[in-house]
2 protein chains.
Amino acid sequence: MNKNETPTILDGTALAAELRQRVQERAEALASTGTVPTLATILVGDDPASATYVRMKANACRKAAMASRIVRLDAQTTTEELLACIAQLNRDPQVHGILLQHPVPPQIDERRAFDAIAPLKDVDGVTTLGFGQTAFGFARYPSCTPAAIMALLEHYRIDLRGRHAVVIGRSPILGKPAAMLLLERNATVTVCHSHTSELERHVGMADIVVAAVGRPRFVQGSWIKPGAAVLDAGYNPGNVGDVDYAACAARAGAITPVPGGVGPVTIAKLLEHTVAAAEAQVAET
Amino acid sequence: MNKNETPTILDGTALAAELRQRVQERAEALASTGTVPTLATILVGDDPASATYVRMKANACRKAAMASRIVRLDAQTTTEELLACIAQLNRDPQVHGILLQHPVPPQIDERRAFDAIAPLKDVDGVTTLGFGQTAFGFARYPSCTPAAIMALLEHYRIDLRGRHAVVIGRSPILGKPAAMLLLERNATVTVCHSHTSELERHVGMADIVVAAVGRPRFVQGSWIKPGAAVLDAGYNPGNVGDVDYAACAARAGAITPVPGGVGPVTIAKLLEHTVAAAEAQVAET
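Residues numbered from 1 in each chain as written. Chains lettered and ligands numbered in written order. Predicted model: local features only at pLDDT ≥ 70, side-chain atom pairs only at ≥ 80, totals over all residues. Heavy atoms only, no water.

Novice: Could you clarify how one ought to interpret the UniProt feature "binding site: NADP(+)" (unreviewed entry) in chain A in this entry?
Specialist: Mapped onto this structure's residue numbering, the UniProt feature "binding site: NADP(+)" (unreviewed entry) falls at A:Gly169, A:Arg170 and A:Ser171. Within the structure, A:Arg170 has its side chain in polar contact with the backbone oxygen of B:Leu183 (distance 2.8 Å). Inspection of the secondary structure puts A:Ser171 in the loop between strand 5 (164–168) and helix 7 (175–184). Taking the relative accessible area as the measure of exposure, A:Ser171 reaches 30% and is therefore partly exposed. Among residues more than four places away in sequence, those in contact with A:Ser171 are A:Lys176 and A:Pro177. Polar side-chain contacts of A:Ser171 include one of 3.1 Å to the backbone nitrogen of A:Leu174. (UniProt positions renumbered as here; feature names shortened; annotations may be inferred. Polar contact = N/O pair within 3.5 Å; in protein donor to acceptor, adjacent residues only side chain to side chain. Helix = DSSP H or I, 4+ residues; strand = E, 2+ residues; numbered from the N terminus. Buried < 20%, exposed > 50% of the residue type's maximum accessible area, 1.4 Å probe, protein only. Contact = heavy atoms within 4.5 Å.)

Now the structure itself:
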């Protein structure tokens with residue numbers, strides 16, 4: 001990648017529209033055989049941002065000829081109660097995908113809850129098994145945000161083979177699976193995190209930077225190698241990403257805006273996984 | 001780490017002896033209650049190196065008051081036949097750990113075979129689920145070679161937090177789990193492989209180098225940052241590691257010899273996992 005005057009804008013809104021179009025066609029084909037692909041979203045507690053995300057996902061389902069069901073559980077829900085809810089959705093033949101909105105209240109064992117989701121309905125790739133499958137290159141449904149990052153890189157034909165990718169963040173549903181997907185595509189991958197010393201030096205070597213920190217405008221323009229691709233998976237209050245956009249855009253060869261970058265593609269991937277799950281479940285019966 | 005005149009030799013023979021002593025005590029305690037911890041090793045085909053490894057593991061079991069059973073299958077074995085063999089060992093209450101000797105002949109679907117091993121008996125951490133658990137920091141039994149690398153680093157009190165570790169290799173039972181274990185211990189981790197460009201530059205930045213390439217004397221002394229810890233997980237014909245030992249030792253702050261480094265600790269970890277599996281299976285009944 002060479003540095004041009006203006007970077008390529010990795011337009012997630014446009015890519016998401018394309019992906020959603022294909023999803024809608026598949027959803028309509030399924031609906032014509034009597035199955036409406038359905039996503040169940042579980043929202044525990046009343047975090048306003050989470051409520052907004054859940055609503056956005058439900059709206060996106062509706063627009064793509066799919067159905068959604070929102071299960072609201074109060075903030076005092078126990079792990080056992082949540083597990084019972086997940087078990088019921090696992091058994092429900094009219095639910096094809098299950099998404100547990102993250103984060104859950106602190107009294108809940110989130111890992112146990114994630115791992116209770118049936119693998120065939122784990123459309124956000126949150127189970128431990130699903131992560132292993134992602135790492136080994138054969139996941140049905142990798143986590144949606146890492147999948148969105150890969151879709152953007154592929155759509156804009158950003159070369160990964162042998163290139164150096166630096167992922168900032170190591171969460172089980174974002175940093176780690178993103179690293180594994182980049183590695184499967186033959187990038188050399190470095191995972192940085194809160195304990196990393198010399199973060200700037202690592203980022204400064206990267207051909208591809210994935211910011212998954214959850215801290216507003218954390219990645220500074222001065223860190224970016226001229227011409228690098230910068231993918232911002234952050235979404236902080238006030239529509240602000242994890243990347244200082246203006247400063248990074250001045251050096252990057254390609255960059256995702258926030259909003260309109262990784263976010264809309266993530267939702268499109270969720271729909272795509274849900275339709276695929278519905279197709280697979282129909283084929284099985 | 002500062003460069004001294006001579007590096008610390010990370011003595012795997014000594015550490016393995018210590019670990020085996022504790023394993024033997026646990027095995028004897030179990031035996032006194034009527035359960036002899038038993039490892040079943042499956043050897044498919046007649047690769048002489050594999051046959052040697054399997055024999056070494058069986059001998060190590062015997063010396064630690066454990067039992068071993070070697071299942072030999074001929075080189076024409078099909079995946080289905082191997083799966084049937086694994087299923088039988090899964091059901092056998094007198095078998096506590098199952099190890100499928102790697103590599104298997106090309107007609108076998110190795111991933112399917114690995115994933116057929118019951119999680120409670122997967123003492124070499126080869127299942128996809130086991131890898132996910134390793135990556136998330138709660139594996140019962142991570143792969144033995146990465147576990148051995150971590151045991152050596154811990155035993156010799158080599159600081160990992162915030163340090164830069166470079167893993168060369170990305171196999172499902174060595175490079176990838178080693179990377180994940182280092183990440184769990186708060187190292188910044190880079191995974192390099194056959195497509196990596198500028199390998200020397202990456203290795204030259206590392207405080208900790210893990211060589212898991214499977215190519216004799218691949219890692220050159222000139223690549224090593226003075227004072228770095230070098231862990232050689234390779235074991236090539238003629239007792240040669242993946243590291244050019246003499247040249248790397250001249251720069252490293254700490255280094256594993258081959259033989260006598262990672263190898264013996266790997267076998268000790270296998271025994272430790274098998275005893276732990278036996279304890280867990282006894283507790284369950």
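Novice: For this particular structure, what's the right way to read the side chain of A:Thr274?
Specialist: Residue and element names in this part refer to chain A. Summarising the element assignment, Thr274 is placed in helix 10 (residues 262–284). A polar atom in the side chain of Thr274 sits 2.7 Å from the backbone oxygen of Leu270. Here Thr274 is in contact with Thr38, Leu39, Met66, His96, Gly97 and Val123, once residues within four sequence places are set aside.

Novice: Help me out: how do you make sense of the side chain of B:Asp124 in this one?
Specialist: Residue and element names in this part refer to chain B. When you line up the elements, Asp124 lands in the loop between helix 4 (110–116) and helix 5 (128–135). Among buried Asp, Glu, Lys and Arg side chains, Asp124 stands out as unpaired, with Lys57 the closest opposite charge at 6.0 Å. Of the polar contacts made by the side chain of Asp124, one reaches the backbone nitrogen of Cys144; its length is 3.0 Å. When near neighbours in sequence (up to four residues on either side) are disregarded, Asp124 contacts Leu99, Tyr141, Pro142, Ser143 and Cys144. (Lys, Arg positive; Asp, Glu negative; His and termini not counted. Salt bridge = Lys/Arg side-chain N within 4 Å of Asp/Glu carboxyl O.)

Novice: How do you make sense of the relation of the copies chain A and chain B when you look at a structure like this?
Specialist: Both copies of the chain are related through a single rotation about an axis accompanied by a shift along the same axis. Rotating chain A by 180 degrees and translating it 0.0 Å along the rotation axis places it on chain B, where the RMSD comes to 0.0 Å. Such a combination of rotation and displacement between the chain copies is what one expects of a two-fold axis. Mapped onto chain B, 100% of the interface residues of chain A are again interface residues, and the two copies thus contact each other with one and the same surface. (Least-squares fit on C-alpha atoms with pLDDT ≥ 70 in both.)

Novice: What exactly am I supposed to notice about the interface of chain A and chain B here?
Specialist: By a widespread convention, an interface's size corresponds to the accessible area lost as its parts come together. Counting residues at the interface gives 33 residues for chain A, matched by 33 residues for chain B. Buried area between chain A and chain B, summed over both chains or domains, comes out near 2900 Å², and the portion from carbon and sulfur atoms is 64%. The tally of links between chain A and chain B comes to two salt bridges. Among the ionic pairs, A:Lys176 bridges to B:Glu184, the shortest N-O distance being 2.7 Å. Across the contact surface, chain A and chain B share 19 residue pairs in polar contact (both at pLDDT 80 or more). (Buried area = accessible area lost by both parts, 1.4 Å probe.)

Novice: I keep staring at the domain arrangement of chain A and nothing clicks. Help me out?
Specialist: When the domains of chain A are assigned, the result is domain 1 (34–118) and domain 2 (143–264). A separation of 28 Å is found between the C-alpha centroids of domain 1 of chain A and domain 2 of chain A. (Domains from an automatic or database assignment.)

Novice: For this particular structure, what's the right way to read the sheet that holds strand 1 (residues 8–9) of chain A?
Specialist: Pairing between sheet strands relies on hydrogen bonds along the backbone, with the strands arranged either parallel or antiparallel. With respect to topology, twelve strands assemble into an open sheet ordered 1(A)-9(A)-8(A)-7(A)-5(A)-6(A)-6(B)-5(B)-7(B)-8(B)-9(B)-1(B), the strand pairing being mixed. Each edge of the open sheet is held by one strand with a lone partner, namely strand 1 of chain A together with strand 1 (8–9) of chain B. In this sheet, strand 8 (residues 229–232) of chain B lies alongside strand 7 (residues 208–211) of chain B in parallel orientation, the contact comprising four bridges. The residue of strand 8 of chain B that forms the bridge with B:Val210 is B:Leu231. (Pairing = 2+ DSSP bridges.)

Novice: Help me understand the pairing of strand 5 (residues 164–168) of chain B, please; the structure alone is not making it clear to me.
Specialist: Each regular strand displays side chains that alternate between the two surfaces of the sheet. All names here are of chain B. With five of five residues buried, strand 5 is to be regarded as a mostly interior element. On strand 5, burial covers both faces: His164, Val166 and Ile168 on one face and Ala165 and Val167 on the other are all buried. Bridge analysis of strand 5 against strand 6 (residues 188–192) gives five bridges, and the strand direction is parallel. Opposite His164, over in strand 6, you have Thr188 as the bridge partner. Between strand 5 and its parallel partner strand 6, the chain crosses via helix 7 (residues 175–184), and the hand of that crossover is right-handed. Strand direction decides the pairing type here: strand 5 and strand 7, joined by four bridges, are parallel. By the bridge assignment, Ile168 is partnered in strand 7 with Ala211. (Right-handed = clockwise from strand over helix to strand, strands pointing away.)

Novice: I tried to follow the UniProt feature "domain: Tetrahydrofolate dehydrogenase/cyclohydrolase catalytic" (unreviewed entry) in chain A on my own but got confused; where do I start?
Specialist: Under the feature "domain: Tetrahydrofolate dehydrogenase/cyclohydrolase catalytic" (unreviewed entry), the UniProt entry names residues 10–124 of chain A. Summarising residues 10–124 of chain A: 50% helix, 16% strand, and an end-to-end C-alpha distance of 22 Å.

Novice: Sorry if this is basic, but what is going on with the packing of aromatic side chains here?
Specialist: Each aromatic ring pair is specified by the distance between its two centres and by the angle formed by the two planes. All names here are of chain A. Enumeration according to the criterion identifies seven aromatic pairs over all chains in this entry. Residues Phe218 and Trp223 carry aromatic rings whose centres are separated by 5.6 Å and whose planes lie at 85 degrees to one another, so their mutual orientation is edge-to-face. A residue is classified by how much of its surface remains accessible, and Phe218, at 19% relative accessible area, is buried. For Trp223, a relative accessible area of 10% corresponds to the buried category. (Phe/Tyr/Trp six-rings, centres within 6.5 Å; stacked < 30°, edge-to-face > 60°.)

Novice: Could you clarify how one ought to interpret the packing of helix 1 (residues 12–32) of chain A against helix 6 (residues 144–155) of chain A in this entry?
Specialist: How two helices pack is summed up by the angle between their axes together with the distance between the axes. Residue and element names in this part refer to chain A. In contact at an axis separation of 11 Å, helix 1 and helix 6 are set at 100 degrees when each is read in the N-to-C sense. Comparing their axes, helix 6 and helix 1 come out roughly perpendicular. Counting all contacts with helix 1, which are made through Gly12, Leu15 and Glu18, the residues of helix 6 involved are Ala151, Leu152 and His155. Its residues assigned to classes, the contact of helix 1 with helix 6 shows three nonpolar, two polar and one charged. (Axes fitted to C-alpha atoms, helices over the stretch in contact; angles between N-to-C directions. Parallel < 35°, antiparallel > 145°, perpendicular 65-115°, else oblique. Nonpolar A, V, L, I, M, F, W, Y, C, P; charged D, E, K, R; others polar.)

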